[in-house]
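Chain and residue survey
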Amino acid sequence: IVSRESHKQDTIIDIGGIPLGGNQIQIIAGPCSVETQEQMDLSAQFVHEAGCRLMRGGAFKPRTSPYAFQGHGAEGLDMFRKAAEKYKLPIVTELMDARQLDTFLEYDVDVIQIGTRNMQNFDLLKEVGRCNKPVILKRGMSATISEWLMAAEYIAAGGNHNIIFCERGIRTFETYYRNVLDVTAIPVLKKETHLPVIVDPSHAGGKAWMVAALSQAAVAAGADGLLVEMHPSPCDAWCDADQALTPQELKKLMGTLSAIAGAV
Ligand code: PEP
Ligand code: MN
């Protein structure tokens, strides 16, 4: 179902009236995690002011350490929904467990994010395949292209064809940066599937100063959008502080991206 052979034209996914895919590049921005109502209200304001039309934020966080902040859960979804409402920003947030799906539907989460650690959680993929919400399927940190495509097929096989691939960097021998952004995956995915392909430059590089260069490379290579971390005050972020853009940096990035997108 996800293969280019089954559908020749680029699929454009409708996210609450906002198109993603084809020539419709969308930048999804927001903090790594939902912290407080004030942080989310400010984030929504800055996302809107930068010209982004969709917002991200994690309420259920897949942390490496069980002692690190795990997210506010349903309460976080509530804060996120309230903050995004003011600017009519559709919300993108990670689902880690099928038992939370009803809560996600209750808060009318606009896009369900499947994180890198769950790319091959087949039971979770089958569950999101049964709802009709758009899904961002992040690439497993050690997943091959064909494993990634098959993971998407699990979602599609259940009837949900609203799938967006997200390259977020892969594990290699290199330790200087968090992951290696696989730019090659962008034209390869665009050839193999009709579905949109976006890039997360934040988790790829792991440092805020790398985000602009990686974002520009992604858009120049044909990405249909970006998933970018931005925090009203990055040094105070509870999670992934090193890679969060300031609101000013996000605004500046949006300017350079429109120049590149216009050129390709
Ligand atoms: C995230 O986007 O917040 C996240 C945890 O990303 P990943 O699954 O790519 O590590
Ligand atoms: Mn993060």
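These lines cover the structure that appears in this document, whether it is placed above or below. All values reported here derive from a predicted model rather than from experimental measurement. (Residues numbered from 1 in each chain as written. Chains lettered and ligands numbered in written order. Predicted model: local features only at pLDDT ≥ 70, side-chain atom pairs only at ≥ 80, totals over all residues. Heavy atoms only, no water.)

**Focus on the coordination of the manganese ion (ligand 2)**
The coordination sphere of the manganese ion (ligand 2) contains the protein donors Cys-32 (SG), His-203 (NE2), Glu-229 (OE) and Asp-240 (OD), at a distance range of 2.0 to 2.4 Å. For the manganese ion (ligand 2), the single-chain donor residues occur in sequence as C-x170-H-x25-E-x10-D. Taken together, the residues Cys-32 in the loop between β3 (26–30) and α1 (37–50) and Glu-229 in strand β10 (residues 225–229) connect sequence positions 197 residues apart. Here Cys-32 matches Glu-229 in class, with each residue buried. (Donors = N, O, S within 2.8 Å, 3.2 Å for Na, K, Ca; no water. Helix = DSSP H or I, 4+ residues; strand = E, 2+ residues; numbered from the N terminus. Buried < 20%, exposed > 50% of the residue type's maximum accessible area, 1.4 Å probe, protein only.)

**Quick word on the sheet that holds strand β9 (residues 197–199)**
Pairing in this closed barrel of 8 strands is parallel, and the strands run β3-β4-β5-β6-β7-β8-β9-β10 around the ring. Put simply, the sheet's adjacent strands are angled 25° from each other on average, direction ignored. Pairing geometry for strand β6 (residues 111–114) and strand β7 (residues 135–138), over 3 bridges, is parallel. Looking at β7, one finds that Ile-112 is bridged to Val-135. (Pairing = 2+ DSSP bridges. Axes fitted to C-alpha atoms, helices over the stretch in contact; angles between N-to-C directions.)

**Focus on the pattern of salt bridges**
Close approach of charged atoms allows side chains with opposite charge to pair. Throughout the structure, instances matching the rule amount to 14 salt bridges. Here Arg-99 and Asp-97 are joined by a salt bridge, their closest N and O atoms 2.6 Å apart. Note on Asp-97: relative accessible area 25%, which makes it partly exposed. Between Asp-200 and Lys-138 there is a salt bridge, with the nearest N and O atoms lying 2.7 Å from each other. (Salt bridge = Lys/Arg side-chain N within 4 Å of Asp/Glu carboxyl O.)

**What to know about the site of ligand 1**
As a structural note, the neighbourhood of ligand 1 is formed by Arg-56, Lys-61, Pro-62, Glu-94, Gln-113, Gly-115, Thr-116, Arg-117, Lys-138, Arg-168, His-203 and Glu-229. Thr-116 is positioned such that a nitrogen or oxygen atom in its backbone is 2.9 Å from an oxygen atom of ligand 1. Protein contact buries 96% of the 290 Å² of open area that ligand 1 shows by itself. Structurally, ligand 1 is housed in the largest pocket. Classifying every residue of the shell around ligand 1 by side-chain character gives 1 nonpolar, 4 polar and 7 charged. (Near = heavy atom within 4 Å. Polar contact = N/O pair within 3.5 Å; in protein donor to acceptor, adjacent residues only side chain to side chain. Areas by Shrake-Rupley, 256 points an atom, 1.4 Å probe, with all protein chains shown as cover. 1 Å grid on protein atoms, 1.4 Å probe; cavity = no way out; pocket = protein on both sides within 12 Å on 5 of 7 lines; lining within 4 Å. Sits in = over half its atoms within 2 Å of the grid points. Nonpolar A, V, L, I, M, F, W, Y, C, P; charged D, E, K, R; others polar.)

**Here we look at the layout of surface pockets**
What the largest pocket holds in volume is close to 280 Å³. Counting residues per element, the lining of the largest pocket draws most heavily on strand β5 (residues 91–94), which supplies 3 residues. Considering only residue class, the lining of the largest pocket consists of 4 nonpolar, 8 polar and 9 charged. (Points joined across faces, edges and corners; volume = space filled by probe spheres on them.)

**What about a nonpolar patch on the surface?**
The grouping of Tyr-176, Tyr-177 and Trp-209 at the surface amounts to a nonpolar patch, some 420 Å² of accessible area in total. On the secondary structure map, Trp-209 appears in helix α8 (residues 208–220). A relative accessible area of 62% places Trp-209 in the exposed class. (Patch = residues over 30% accessible without salt bridge, like charges linked within 9 Å, V, L, I, M, F, W, Y side chains within 5 Å.)

**Focus on the nonpolar core**
If you look at the biggest cluster of nonpolar residues, it comprises 62 residues, and the most contacted ones within it are Ile-112 and Leu-137. Among the elements that make up this core, the one with the highest residue count is helix α5 (residues 145–157) (6 residues). What Ile-112 contacts, discounting residues up to four positions off in sequence, is Thr-93, Leu-95, Leu-101, Phe-104, Val-128, Cys-131, Lys-133, Pro-134, Val-135 and Ile-136. Residues Ile-18, Leu-20, Ile-136 and Leu-227 belong to the second largest nonpolar core, which totals 13 residues. (Core = buried A, V, L, I, M, F, W, Y, C linked by side-chain atoms within 4.5 Å. Contact = heavy atoms within 4.5 Å.)

**Side note on the pairing of β10**
Within β10, 5 of the 5 residues are buried, which leaves it mostly tucked inside the rest of the structure. Here β10 shows two buried faces, one formed by Gly-225, Leu-227 and Glu-229 and the other by Leu-226 and Val-228. Of the strand pairs in this sheet, β3 and β10 are connected by 5 bridges, and their pairing is parallel. Paired with Ile-27 across the strands is Leu-226, a residue of β10. Inspection of the sheet shows β9 paired to β10 by 2 bridges, in the parallel sense. Following the sheet pairing, Val-199 is matched in β10 by Leu-226.

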